[in-house]
Amino acid sequence: MMKYNFPKDFWWGSAVSGPQTEGVFPGDNKGDSTWDYWYKQKPELFFDQVGPEKTSYTYLRFKEDVQLLKETGHNSFRTSIQWSRLIPTGDGEVNQDAVRFYNEYIDELIANDIEPFINLYHFDMPMSLMEKGGWESRATVEAYVRYAKICFELFGDRVKKWFTNNEPIVPVEGGYLYQFHYPAIVDLRKAIQVGYHENLASAMAISAYRQLNLDGEIGIILNLTPSYPRDVNNPEDVKASIICDAFFNRSFLDPAIKGTFPQELIDIVKELGMLPEYEANDLDIIKENTVELLGVNYYHPRRVKAKETPKNPLIPMPDDYFDMYDMPNKKMNPYRGWEIYERGVYDLLINLRDNYGNIPCFISENGMGVENEARFIKEDGSIEDDYRIDFVAGHLRYVHDALQEGSNVKGYHMWTAIDNWSWTNAYKNRYGFVSVDIDNEGKRTIKKSGHWFKTVADNNGFDN
Ligand code: BG6
C-alpha cells in the first residue's frame, strides 16, 4: 500500500487544447480564429514572433502523441475541438476534414484505453464571429449552441465527458480588461456582457446536451485562484478578498454550480449602471442548467489587501475594489513568476465540498511552466525536470488530504502532455511531460517527470 493511495479508477492524465497543439496546414480547410488573425496582424505581440500555425503538429502526429500519452501513464486526457476548424465561419458549413480528424483522434484515444475529455471552447473565437462582436453579441451565443449541438451529435456516441468552456474568465480579463487577448481593449461594460454571454451559452449548451439524452456527463472548466486576505483579522482586507473572489472565481463558479450570480457582484454592477443586456428567461435557463462535473484549473492563489492605491481615473476596473498584496517569503516558480502554494488546491476542494454541494470534480490543470527549459537538456536528449516532479507531488499530497476529508475529487490532469504553443507566450514556458523541439519538426522526448507520472498512475499513488 502506497503512502498516498488514490481511489480506484482515479483519472490520471493531462490537458491540452486544439489551438495550442494541432497546427494549421495547407488544405485543412480550417477557418481563422482570433489568434490566427491577430498573429497575421501583429506578429510582434507574440513571443519570438511564433504564431498559432506552428504549435506541436498534432494534426499530423496524433497517433504518435497518443502513444506518448500511454507511455506517460494516461487513462484520460483532455483536448478541445476547435470551433474554427469544425465550422470555419463559426455559424456555416461543417468542415468534413475536421470531422474526419476529430473522429480519428477520439477513436485512437479510445483504442488505447484513454478516455477522451472534450472541451468546446478554449479562447478560440472564430474570426468571422469576432468581426460581429464575438461574445459581446447574442448572435454568438446562438452560433455557439449550434456548434455545441453539432459536436454532441457527431462525437457524443463515444465521448462521455464534455466541457462547455475552459477558463471563461480569461477572455473577459484578457480581451476586455488587461489586453492580452484579442480584441485587447479596456471596457468593463463589454467585459461584463462577454462574461454574461459565456455563462448563458454554457447553460444553453448543457440544455442542448440533455435534450439529446446521450449517455455522458457535461461540465465546465474553471481556473480558480483562492483569494487570501493579507490579514484575516483586518475586516477591510477580508472584504477586499471577498470582492476579488466574486470577480475572478464566483462570477462563473456560482452560475455554473448554483445557477445564480454572486450578490456582491450584482451590487457592484448595478451601482456602476452596467447590468448586461439580457432576455426575459435567461436567468431561468442559467438556474435550470447547472453542471454535473467541475474541472478545476489551479496554478496559483491571489493575495489580496484593502485598496490603498488610487482607483483607475478614467474607466472603472475590478481592481478598483482591492489591491494585490506582495506577501514576503512566498514560494515562487523562479521560471514563470507565479507563486507556488500547494495547499491552495486543498482549500479549493474543501470549499467545493462545503459550499458547492461537494460536486464531482477533478483537477483539470495544474502545472509548472519553465522558461527556456531546453537549457536542461542532457546529451542523450533527456530532461531531468525534478522541479516538476516536486511540483506535481506537492499538489497531489494535498489532493490526497482533501480526499481523506471527503472531497469528491475524481482525478488529476496536469498541464500539459506535450510542450505546446501558448497564446502570446508561444513556446516560452514549457509545461509538458514530453518536450518538443519545434525547430526539428516537433521531435518529442519524454522528460523524467513523464516517466515518474507513469509509475504514479500505474501504482495509483506514490510513497513520498
Ligand atoms: C492555462 C491555460 O491557464 O495556462 C492554457 O488554460 C495555458 O491554455 C496555460 O497555456 C499556461 O499559460 P502560459 O501563459 O504560462 O503559457
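Residues numbered from 1 in each chain as written. Predicted model: local features only at pLDDT ≥ 70, side-chain atom pairs only at ≥ 80, totals over all residues.

**Q** Let's hear about the sheet that holds strand E8 (residues 293–297): which residues, and what values?
**A** Around the barrel, which closes on itself, the 8 strands sit in the order E2-E3-E4-E5-E6-E8-E11-E13 with parallel pairing between neighbours. Across the sheet, the mean angle from the axis of one strand to that of its neighbour is 30°, orientation sign disregarded. Pairing analysis gives 4 bridges linking strand E2 (residues 11–15) to strand E13 (residues 409–414), with the strands arranged parallel. When the sheet's bridge partners are listed, Gly13 is paired in E13 with His413. Contacts from helix H10 (residues 235–257) reach strand E6 (217–223) and E8, with the element oriented near 165° to E6. (Pairing = 2+ DSSP bridges. Helix = DSSP H or I, 4+ residues; strand = E, 2+ residues; numbered from the N terminus. Axes fitted to C-alpha atoms, helices over the stretch in contact; angles between N-to-C directions. Contact = placed C-beta atoms within 7 Å.)

**Q** Before we move on, can you summarise the UniProt feature "active site" (unreviewed entry) in the protein chain with the specific residues and values?
**A** Here, UniProt's "active site" (unreviewed entry) annotation points to Glu365. Within the element layout of this structure, Glu365 appears in strand E11 (residues 361–365). Judged by the 23 C-beta atoms lying within 10 Å of it, Glu365 falls in the buried class. Once residues lying within four places of it in the same chain are set aside, the contact partners of Glu365 are Ala15, Asn297, His413 and Trp415. (UniProt positions renumbered as here; feature names shortened; annotations may be inferred. Buried ≥ 20, exposed ≤ 12 C-beta atoms within 10 Å, placed from the backbone.)

**Q** Go over the confidence of the model for the protein chain with me, naming the residues and quoting the values.
**A** Scored by pLDDT, the protein chain comes out at a mean of 97, with 100% of its residues at no less than 70. The complex model carries a pTM of 0.98, and its ipTM stands at 0.97. (pLDDT = per-residue confidence, 0-100.)

**Q** Explain the pairing of strand E4 (residues 115–119) to me, using residue names and the numbers behind them.
**A** The buried count for E4 comes to 4 of 5 residues, which makes it a mostly enclosed element. Summarising the sheet, strand E3 (residues 76–80) and E4 pair through 5 bridges and their orientation is parallel. Each bridged residue has a counterpart across the sheet, and for Phe77 the counterpart in E4 is Pro116. Pairing analysis gives 3 bridges linking E4 to strand E5 (residues 161–166), with the strands arranged parallel. Opposite Asn119, over in E5, you have Phe163 as the bridge partner.

**Q** Provide a residue-level description of the pairing of E13, including the pertinent values.
**A** The buried fraction of E13 is high, at 5 of 6 residues. Bridge analysis of E11 against E13 gives 2 bridges, and the strand direction is parallel. By the bridge assignment, Cys361 is partnered in E13 with Val409.

**Q** Describe the site of the ligand, with residues and values.
**A** Looking at the ligand, there are 13 residues lining it, with Glu167, Gly369, Ser422, Asn425 and Asn429 nearest. Grouping the constituent residues of the shell around the ligand by class yields 1 nonpolar, 9 polar and 3 charged. (Near = placed C-beta within 6 Å. Nonpolar A, V, L, I, M, F, W, Y, C, P; charged D, E, K, R; others polar.)

**Q** Account for the sheet that holds strand E9 (residues 302–305), with residues named and values stated.
**A** One open sheet holds the 3 strands; their spatial order is E7-E9-E10, and the pairing between them is mixed. Both edges of this open sheet fall to strand E7 (227–229) and strand E10 (323–324), since each of them pairs with a single strand only. Direction of pairing for E7 relative to E9: parallel, over a ladder of 3 bridges. Bridge pairing links Ser227 to Arg302 in E9.

**Q** Requested: an account of the environment of Phe252, with residues and values cited.
**A** Mapped onto the elements of the fold, Phe252 is located in helix H10. For Phe252 and Asn312, which are 60 residues apart along the polypeptide, the C-alpha to C-alpha distance reads 25 Å. Sequence-distant contacts of Phe252, that is, excluding residues within four places in its chain, are made with Pro168, Ile169, Asn199 and Leu222.

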